[in-house]
Amino acid sequence: MKIRLLAVGRIAPFLREAQEHYIRKIRNLELIEVKKGKSVEEEGKRLEEKIKGFLVILDERGKELTSREFSGLLLRNSYITFVVGGADGISENLKKRGNFILSLSKLTLQHDIARLVLLEQIYRGLEIIRGSPYHRD
Ligand SMILES: C[S@@+](CC[C@H](N)C(=O)[O-])C[C@H]1O[C@@H](n2cnc3c(N)ncnc32)[C@H](O)[C@@H]1O
């Protein structure tokens, strides 16, 4: 299973260590950061060029999953791309291309925080698949 995470701009320096921690643990994740654009449409075009496989768009108006359900999403797709929008969100055109719109909660999270929550859930999902004691429910 290969995982690609697309995001807009670099993560804030004070969160970089946490991001690197999870990327090291996940191992098969490729992070691609596109340049911030003048509009969400411009960012959307840059992000669209990098999509590969099943496309999951992160948006607070999407569908919430349990961590176990989320691990099933990872298991069912051999190549999966996650998109976290920038400060102004994600263009409607890009949202329409999504195979699944995922909400991490109904709260609006700062985009770097959403990126970190997603990374932890990807790690958790993979540990669920491995049957490790990291996740208990
Ligand atoms: C600050 S939010 C964008 C808010 C923007 N005003 C909007 O309405 O989409 C930045 C990005 O973080 C991600 N994000 C923030 N909160 C989220 C949540 N609860 N669930 C999933 N993704 C979230 C989304 O990808 C969003 O595009």
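Here the structure is a predicted model, which means the values were calculated and not measured. The numbers attached to residues start from 1 for each chain and follow its sequence in the written order. For a predicted model such as this one, the threshold for reporting local features is a pLDDT of at least 70, and the threshold for listing and counting side-chain atom pairs is 80 or more; totals across whole chains, interfaces and linings nevertheless cover every residue.

What to know about the UniProt feature "binding site: S-adenosyl-L-methionine" (unreviewed entry) in the chain
Working step 1: UniProt positions are given in the numbering used here, feature names are shortened, and annotations may be inferred rather than shown by experiment. Sites flagged by UniProt as "binding site: S-adenosyl-L-methionine" (unreviewed entry) map to Leu58, Gly85, Leu104, Ser105, Lys106, Leu107, Thr108 and Leu109.
Working step 2: This entry defines residue contacts through backbone-placed C-beta atoms, with two residues in contact when those atoms are within 7 Å. Not counting chain neighbours up to four residues away, the residues in contact with leucine 104 comprise Leu58, Leu109, Ala114, Val117 and Leu118.
Working step 3: A helix here means a DSSP run of H or I that spans at least four residues, while a strand means a run of E at least two residues long, and both kinds are numbered starting from the N terminus. Locating leucine 107 in the fold gives a position in the loop between strand E5 (100–103) and helix H5 (111–130).

With respect to the site of the ligand
Working step 1: Proximity of a residue to a molecule or strand is defined by its backbone-placed C-beta atom lying within 6 Å of that partner. With respect to spatial proximity, 18 residues lie near the ligand, and among them Leu58, Glu60, Gly85, Gly89 and Leu109 are the closest.
Working step 2: By residue number, the principal contributor to the shell around the ligand is strand E3 (residues 54–64), which donates three residues.
Working step 3: The class makeup of the residues in the shell around the ligand is eight nonpolar, seven polar and three charged. Here the nonpolar group is Ala, Val, Leu, Ile, Met, Phe, Trp, Tyr, Cys and Pro; Asp, Glu, Lys and Arg are the charged ones; every other residue, Gly included, is treated as polar.

Section: the packing of helix H1 (residues 13–26) against H5
Each packed pair of helices is defined by two parameters, the angle between the axes and the distance between the axes.
Working step 1: Axis definition: a line fitted to C-alpha atoms, over the contacting stretch in the case of helices. Angles run 0 to 180 degrees between N-to-C directions. Two numbers describe how H1 lies on H5: the axes approach to 10 Å, and their chain directions differ by 25°. The orientation of H1 relative to H5 falls into the category roughly parallel. Relative to H5, H1 is oriented so that their crossing is left-handed. Note on element contacts: H5 touches H1 through Asp112, Leu116, Leu119, Glu120, Ile122, Tyr123 and Leu126, opposite Leu15, Ala18, Gln19, Tyr22, Lys25 and Ile26.
Working step 2: Grouping the amino acids of the contact of H1 with H5 by side-chain chemistry returns nine nonpolar, one polar and three charged. If an angle is under 35 degrees, it is roughly parallel; if it is over 145, roughly antiparallel; if it lies from 65 to 115, roughly perpendicular; otherwise it is oblique. In this scheme the crossing of two helices becomes right-handed for a clockwise turn of the near helix relative to the far one and left-handed for an anticlockwise turn of less than a right angle.

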